[in-house]
Amino acid sequence: MSFIRASLSARTFVAHTRRYATAPPPPAKSSNLPLYLSGAGVAGLAAYIYIDRYGPEVTPKKVQEKSPLDPDNFVDFKLKKIEPYNHNTAKYIFELPNGEASLLPVASCVVVKSASDSPEPLLGKNEKPIIRPYTPVSPSDAEGELTFLIKRYEGGKMSQYIHNLKPGEKLAIKGPIPKIAIEANKWEEVGLIAGGSGITPMYQILHHALNDPSNKTRFTLIFANVTPADILLKEEFDSLKAKYPEKFEVVYVLDKPEGDWKGAVGYVNKRLIEQHIPPASLGEKVKVMVCGPPGQVNAIAGKKDGMKQGQVGGVLKELGYTEDQVFKF
């Protein structure tokens, strides 16, 4: 107990000594922490306001100005992958360099031949390269890829050659070759008549035009095939019809229907065109485009004159359409 009293007396003495000392107590050591915290808060607030107002800084994407394709020369492109489609058709997807897009105008096609370094080039009887036109089905702004939907024909040398290609092998491609310029609202009504693999330019046009919200043109497609299994891109066309019912109608025609087929049967004839294709009486407000086997094109619209359109003939001539209203691919 005496120890506790002595300790308390000592503390009391020290306290009284400090209270009455002539020298002031040493000042407390200053700290920069409040200043640092204040500065950090202001900087953080400024950063928040900048990001909230202007968003994070984004490097603008470089605008592609030139197509990797060449309209004057063949360029070799590597086959990236193959996607089987049906019993005789597949998608062939070629790789475009540096993730670039083809920038193909609509509507246009390209021509192809065997690659420059092919160990077995595809040659004709005259020992010259066989060259064939094809219309890509990939959008012109698709990055890094150029896709073809190619049907294998018996006796078709190029289609068989392409069907024998393996991923990693190359094909020489030249283009684009412009066919007809598709401009928004140039026509009020457009009729499209296609057969077999002649559907690819029609799909290129429809995909481009229907997905343009400014384009109010109405399109009607008559698509003729032999059996249901031969109808190419049917899912895509049905999807477009469901998405744009006011702007697109499709009519499938089969020569040899199967099962409970409820569509049109036979060939594309005068009655079918009168029922579904906008009439010639619309004048410059209507355009009819035809693509398919030569015999079908001749029967519907008349024979082409080489690379020229030639006169309108066949069923369309009977129905009063003029050269200005008809285009043959």
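Residues numbered from 1 in each chain as written. Predicted model: local features only at pLDDT ≥ 70, side-chain atom pairs only at ≥ 80, totals over all residues. Heavy atoms only, no water.

Colleague: Help me out: how do you make sense of the pairing of strand β3 (residues 108–114) in this one?
Modeller: Within β3, six of the seven residues are buried, leaving the element largely enclosed by the surrounding structure. The pairing of β3 with strand β6 (residues 170–178) spans six bridges and is antiparallel. Bridge pairing links Cys-109 to Ile-177 in β6. Across three bridges, the pairing between β3 and strand β4 (residues 132–134) is antiparallel. (Buried < 20%, exposed > 50% of the residue type's maximum accessible area, 1.4 Å probe, protein only. Helix = DSSP H or I, 4+ residues; strand = E, 2+ residues; numbered from the N terminus. Pairing = 2+ DSSP bridges.)

Colleague: Quick question: what am I supposed to make of the side chain of Ser-67 here?
Modeller: By secondary structure assignment, the location of Ser-67 is in the loop between α2 (33–54) and β1 (75–84). Given the relative accessible area of 16%, Ser-67 is considered buried. Of the polar contacts made by the side chain of Ser-67, one reaches the backbone nitrogen of Leu-69; its length is 3.0 Å. A polar atom in the side chain of Ser-67 sits 2.6 Å from the backbone oxygen of Ser-102. The residues touching Ser-67, leaving out its near neighbours within four places in the chain, are Ala-101, Ser-102 and Leu-103. (Polar contact = N/O pair within 3.5 Å; in protein donor to acceptor, adjacent residues only side chain to side chain. Contact = heavy atoms within 4.5 Å.)

Colleague: What am I meant to see in the nonpolar core here?
Modeller: Soluble globular proteins tend to bury their nonpolar side chains together. Core analysis: the biggest nonpolar cluster contains 34 residues, and Leu-221, Phe-237 and Met-289 have the highest contact counts within it. Secondary-structure elements contributing two or more residues to this core are β7 (189–195), α4 (200–210), β8 (218–225), α5 (234–243), β9 (248–254) and β11 (286–291). By residue number, the principal contributor to this core is α4, which donates six residues. When sequence neighbours within four positions are dropped, the list of residues in contact with Leu-221 reads Leu-192, Ala-194, Ile-199, Met-202, Leu-206, Phe-237, Phe-248, Glu-249, Val-250 and Val-251. With 22 residues, the next largest nonpolar core counts Leu-79, Ala-90, Ile-150 and Ile-173 among its residues. (Core = buried A, V, L, I, M, F, W, Y, C linked by side-chain atoms within 4.5 Å.)

Colleague: For this particular structure, what's the right way to read the layout of surface pockets?
Modeller: Over the atoms rolls a probe the size of a water molecule, and in doing so it shows where empty space is left. Roughly 270 Å³ of internal volume is contained in the second largest pocket. Split into classes, the residues belonging to the lining of the second largest pocket amount to four nonpolar, three polar and five charged. (1 Å grid on protein atoms, 1.4 Å probe; cavity = no way out; pocket = protein on both sides within 12 Å on 5 of 7 lines; lining within 4 Å. Points joined across faces, edges and corners; volume = space filled by probe spheres on them. Nonpolar A, V, L, I, M, F, W, Y, C, P; charged D, E, K, R; others polar.)

Colleague: Sorry, what's going on with the sheet that holds β1 here?
Modeller: By definition, the strands of a sheet pair up through backbone hydrogen bonds, in either a parallel or an antiparallel sense. Read across the sheet, six strands follow the order β4-β3-β6-β1-β2-β5 without closing on themselves; strand pairing throughout is antiparallel. Looking at which strands have only one partner, the edges of the open sheet turn out to be β4 and β5 (145–151). Averaged over all pairs of adjacent strands, the angle between their axes in this sheet comes to 45°, without regard to strand direction. (Axes fitted to C-alpha atoms, helices over the stretch in contact; angles between N-to-C directions.)

Colleague: Looking at this model, I keep getting lost on empty space enclosed by the protein. Mind explaining?
Modeller: This model, assessed by the stated rule, comprises one cavity of 30 Å³ or more. In this structure, the largest cavity spans a volume of roughly 40 Å³. Around the largest cavity, the lining residues are Ile-182, Glu-183, Lys-186, Trp-187, Val-190, Asn-215, Thr-217, Phe-219 and Met-289. Residue composition of the lining of the largest cavity, grouped by class: five nonpolar, two polar and two charged.

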